[in-house]
Amino acid sequence: MDNNIHPIFDRLLGRSEKENYLNQKSKVLWFTGLSGSGKSTIAQGLEKLLFSEGYFIQVLDGDNTRTGLNNNIGFSLEDRQENIRRIAEVSKLFADSGIICLNSFVSPTIAIRNMARTIIGDDDFIEIYVNTPLHICEQRDVKGLYAKARAGELKGFTGIDSPFEPPQQPDLELLTENLTVEEGVRKVFNFVLPKITRT
Ligand code: ADP
């Protein structure tokens with residue numbers, strides 16, 4: 001056989017074959033914002049909605065990554081960078097499998113999010129800024145972390161004694177103060193639908 005001809009079963013299946021199989025285009029939706037801003041709540045609501053519409057999705061957040069893949073990583077700036085580097089590499093693998101990733105991570109600095117964008121690729125990375133004022137996140141205090149940070153029991157907490165740099169040009173911004181959860185989910189859904197749908 002001619003050595004230049006490689007039958008398709010000789011190599012891994014490509015992304016487009018997997019996207020065809022799943023009847024979707026894969027993207028990585030990157031939710032950034034303060035702790036308690038609503039990233040996970042919106043990502044989880046969106047997962048259900050997309051799934052009910054026939055899309056195949058993976059949600060990545062602190063809960064399912066810091067317990068396993070990243071269980072040896074803390075919250076120093078260096079560690080946050082390594083945390084996000086691994087998440088971005090994993091997301092890229094999911095995207096290469098045709099799967100849509102919904103990632104909710106504080107990812108507090110422009111440099112950290114730029115690193116994620118570089119790893120994942122400009123075409124696949126969709127930055128969604130869940131913009132909720134600090135005082136509201138603090139009021140919600142879903143996990144009691146703000147109280148601990150204010151009491152000095154938790155060092156380097158984003159928004160309290162560690163910076164959050166808002167995205168300068170997010171693909172989408174959600175001002176959750178003026179939205180219900182359902183409205184927030186619907187907004188992201190409407191925004192991404194044309195990007196994940198095969199034409
Ligand atoms: P994060 O993932 O950003 O740390 P969570 O999603 O865990 O935040 O927590 C956000 C909290 O805020 C949830 O308890 C959620 O019910 C509440 N919440 C109230 N209004 C909204 C809204 N419009 N969008 C998202 N979350 C909201």
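Preceding block: the structure.
Think of each chain on its own: its residues are numbered from 1, step by step along the sequence as written. Under the rules for a predicted model, residues below a pLDDT of 70 receive no local features and side-chain atom pairs below 80 are neither given nor counted, while totals for whole chains, interfaces and linings still include all residues. For the side-chain quantities, the full set of heavy atoms in the structure was used; hydrogens and water were omitted.

Asker: Describe the site of the ligand, and please don't skip the residues or the numbers.
Answerer: Here, proximity means that at least one heavy atom of the residue falls within 4 Å of the molecule or strand. If you check the shell around the ligand, you find 15 residues, and the closest are Gly36, Lys39, Ser40, Thr41 and Leu179. N or O atoms closer than or at 3.5 Å make up a polar contact, with two conditions inside protein: a donor-capable atom paired with an acceptor-capable one, and, for residues adjacent in sequence, both atoms drawn from side chains. Within the side chain of Lys39, an N or O atom sits 2.7 Å from an oxygen atom of the ligand. Assessed atom by atom at 2 Å from the grid points, the ligand resides in the largest pocket. Sort the elements by how many residues they give to the shell around the ligand and helix α2 (residues 39–52) lands first, with four residues. Per-class residue counts for the shell around the ligand are five nonpolar, eight polar and two charged. Within this scheme a cavity is a closed region of a 1 Å grid, computed over the protein atoms alone, that accommodates a 1.4 Å probe without allowing it to escape, whereas a pocket is open but has protein on both sides within 12 Å along at least five of seven lines; lining residues each have an atom within 4 Å of a point. Each molecule is checked against the cavity or pocket grid, and it sits inside if more than half of its atoms lie within 2 Å of the grid points. Comment: elements are numbered from the N terminus, with helices defined as DSSP H or I runs of at least four residues and strands as E runs of at least two. When residue character is reported, Ala, Val, Leu, Ile, Met, Phe, Trp, Tyr, Cys and Pro are called nonpolar, Asp, Glu, Lys and Arg charged, and the others, Gly included, polar.

Asker: A description of the sheet that holds strand β5 (residues 172–175) should follow, citing residues and the corresponding values.
Answerer: Strand pairing within a sheet occurs via backbone hydrogen bonds; the two strands may be parallel or antiparallel. Here, a strand pair is defined by DSSP locating no fewer than two bridges between the strands. One open sheet holds the five strands; their spatial order is β2-β3-β1-β4-β5, and the pairing between them is parallel. The sheet is open, and its two edges are formed by β2 (57–61) and β5, each paired on a single side. Here the strands of the sheet are splayed against their neighbours by 20 degrees on average, with no regard to which way each runs. Of the strand pairs in this sheet, β2 and strand β3 (residues 100–104) are connected by five bridges, and their pairing is parallel. Its bridge partner being in β3, Val59 is matched across the sheet by Leu102. Between N-to-C directions, angles cover 0 to 180 degrees, with each direction set by a line fitted to C-alpha atoms, over the stretch in contact for helices.

Asker: Tell me about the packing of aromatic side chains, and name the residues and values.
Answerer: Any two rings among Phe, Tyr and Trp, with Trp reduced to its six-membered ring, count as a pair given centres within 6.5 Å; such a pair is stacked if its planes are under 30 degrees apart, edge-to-face if over 60, and tilted if neither. Here the structure, examined in full by the defined rule, presents four aromatic pairs. An angle of 25 degrees between the planes, with centres 6.0 Å apart, marks the rings of Tyr129 and Phe164 as stacked. Taken as a pair, Tyr129 in strand β4 (residues 125–131) and Phe164 in the loop between α7 (145–150) and β5 lie far apart in primary sequence, 35 residues in all. Comparing Tyr129 with Phe164 shows no difference in burial state: the two are buried. What links up through ring pairs into an aromatic cluster is the set Trp30, Phe105 and Phe125. Counted as over-ring charges are cases with an Arg CZ or a Lys NZ within 6 Å of the ring centre that also lie within 35 degrees of the ring normal. If you follow Arg66 out to its NZ or CZ, it ends over the ring of Phe75, 3.8 Å from the centre. The lysine or arginine in question, Lys195, covers the ring of Phe191, its NZ or CZ lying 4.7 Å from the ring centre. Exposed residues in this analysis have more than 50% of their type's maximum accessible area, buried residues have under 20%, and partly exposed residues fall in between, with area computed by a 1.4 Å probe over protein chains only.

Asker: Summarise the pattern of salt bridges; cite the residues concerned and give the values.
Answerer: Any carboxyl oxygen of Asp or Glu that lies within 4 Å of a side-chain nitrogen of Lys or Arg is treated as forming a salt bridge with it. If you walk through the whole model with that rule in mind, you get nine salt bridges. A salt bridge links Arg15 to Asp96; its shortest N-O distance comes to 3.9 Å. Taken together, the residues span a long stretch of sequence, with Arg15 in helix α1 (residues 15–22) and Asp96 in helix α4 (residues 77–96) at a distance of 81 residues. A salt bridge links Glu127 to Arg113, with the nearest nitrogen and oxygen atoms 3.0 Å apart. Taken together, the residues Glu127 in strand β4 and Arg113 in helix α5 (residues 110–120) connect sequence positions 14 residues apart. When sorted by exposure, Glu127 lands in the same class as Arg113, which is buried. Among the ionic contacts, a cluster of salt bridges with common partners joins Arg15, Glu19, Lys27, Asp96 and Asp124.

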